[in-house]
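# Survey of secondary and tertiary structure
So the chains spell out like this:
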Amino acid sequence: MAEKPVLVSGVKPTGDLHIGNYFGAMRQFVELTKEGKYKPYIFVADYHALNTMQDAEEMRRRTREIVMAYIAIGLDPKEVTFFKQSDVPAHTELCWIFDTLTTMPYLMRAHAFKDAEAKNKEINVGTFNYPMLMAADILLYDAAVVPVGQDQKQHIEIARDTAEKFNRIYKSEVFTLPEPYIMGEVAVVPGTDGRKMSKSYGNVIPLFGSTDELSKAVMSIVTDSSGQRPENVYAVHKLVRSERELEQIYAEHKGKYKELKEILITDLERYLAPIRAKYEELKENPSIVDDVLVAGKREARVVSEAKMEQVRAAIGVN
Ligand code: TYM
């Protein structure tokens, strides 16, 4: 039987998870892995997070939270290999090799770098180099599909370019060219201000927040006063309720923004309740996360090391 195509994706353990992460990326993982079509590797991108989060306690806590979140949303650790990027040395090793192939002008065209530069931020080398570590994450496992939100599309293109460049320079077929997998309808989940929901914009609706936190976030959704449908509320609402039902609800409550927001709070609470319950259960049983990460580390190391042997042979350092 032919081997299944590989699926790889990661999430940085920075900031509390929000519904943008969930609807933009994490939920797709559940759907894609349920079908049994792929061999999935899902990891916590802790070394990527180091660029912006330099607090050991927070790193430990958030890393565990991410793994618990993945399991809580319905990913089955028996089907999915979960691991921490930092547990698998091949990621940083391959990143270095890619650094030697990639030019500075090429990386200067990356959106994330240009954004940081436009904000006059002091950019660390890790941020500049971010796409190379991400290319390593993806290419080590021969990923065929990489499910991500729209904001990561360029990074996947960079990974493709890098694979192609390596194969060309070293006259090899070491790397498989990956495809992004972006769910069109929810490619960008809007935040409370209508811009992309993002930790860095402070416009998030939390995935595991208390009812109070969730209500506060929903109530802060920016609406205009035209009396038309409040688009920012509707955009979030349609993630948890069918558009057919919503048409009716929004027609019945025309102009009543506060009531519509209250309905949205109730609908979000209902939708998220089972995920939260499972999350709380996992919090009570920390050994589950430990065991999952140990098993994932073992498997990811074996697979990535086999790929590194091919890489070393191709570049002549074996
Ligand atoms: P990160 O941690 O910022 O986000 C995790 C995933 O959530 C998606 N996402 C969104 N999708 C739609 N709407 C939103 N408002 C929204 N906010 C976040 C992101 O697109 C992402 O898929 N660089 C990656 C992490 C990473 C990675 C990888 C991903 C590192 N190596 C290899 C795939 C493969 C990142 O910063 O994601």
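In what follows, the accompanying structure is described. It should be emphasised that the depicted structure is a prediction, and the values quoted were computed from it without experimental measurement.

Between two packed helices, the angle of one axis relative to the other and the distance separating the axes together describe the packing. Between helix H4 (residues 90-99) and helix H8 (residues 130-139), whose axes approach to 8 Å, the crossing angle comes to 120°. One element, H4, and the other, H8, form an angle in the oblique class. The two elements H4 and H8 meet at a crossing, and its hand is right-handed. Each of His-91, Thr-92, Leu-94, Cys-95, Phe-98 and Asp-99 in H4 lies in contact with H8, whose residues at this interface are Met-132, Leu-133, Ala-135, Ala-136, Asp-137 and Leu-139.

The next thing to look at is the site of the ligand. Every one of the 26 residues lining the ligand counts as a neighbour, but Tyr-130, Asp-137, Gly-149, Asp-151 and Met-197 are closest to it. Here a nitrogen atom of the ligand sits 2.6 Å away from a polar atom, N or O, in the side chain of Asp-137. Note that an oxygen atom of the ligand is positioned 2.5 Å from one of the side-chain N or O atoms of Asp-151. Out of a free accessible area of 710 Å², the ligand has 97% covered by protein chains. More than half of the atoms of the ligand fall within 2 Å of the grid points belonging to the largest pocket. Elements supplying a minimum of two residues to the shell around the ligand: strand S1 (6-11), helix H1 (19-34) and H8. Grouping the constituent residues of the shell around the ligand by class yields 13 nonpolar, nine polar and four charged.

The next thing to look at is the layout of surface pockets. Size it by volume and the largest pocket reaches roughly 1,600 Å³. Listing elements by their share of the lining of the largest pocket, those giving two or more residues are S1, H1, helix H6 (111-118), H8, strand S4 (143-147) and helix H9 (153-169). Its residues placed into classes, the lining of the largest pocket shows 20 nonpolar, 20 polar and nine charged. Approximately 390 Å³ is the volume attributed to the second largest pocket. Taken together, 21 residues make up the lining of the second largest pocket; nearest its centre are Asp-16, Leu-17, Pro-206, Phe-208 and Gly-209. Of all elements in the fold, only helix H3 (56-72), helix H10 (211-219) and helix H13 (257-284) reach the threshold of two or more residues within the lining of the second largest pocket.

Cut-offs applied
Residues numbered from 1 in each chain as written. Predicted model: local features only at pLDDT ≥ 70, side-chain atom pairs only at ≥ 80, totals over all residues. Heavy atoms only, no water. Axes fitted to C-alpha atoms, helices over the stretch in contact; angles between N-to-C directions. Helix = DSSP H or I, 4+ residues; strand = E, 2+ residues; numbered from the N terminus. Parallel < 35°, antiparallel > 145°, perpendicular 65-115°, else oblique. Left-handed = near helix turned anticlockwise from the far one by under 90°. Contact = heavy atoms within 4.5 Å. Near = heavy atom within 4 Å. Polar contact = N/O pair within 3.5 Å; in protein donor to acceptor, adjacent residues only side chain to side chain. Areas by Shrake-Rupley, 256 points an atom, 1.4 Å probe, with all protein chains shown as cover. 1 Å grid on protein atoms, 1.4 Å probe; cavity = no way out; pocket = protein on both sides within 12 Å on 5 of 7 lines; lining within 4 Å. Sits in = over half its atoms within 2 Å of the grid points. Nonpolar A, V, L, I, M, F, W, Y, C, P; charged D, E, K, R; others polar. Points joined across faces, edges and corners; volume = space filled by probe spheres on them.

In short, the description is geometric, and any link to function would need to be established separately.
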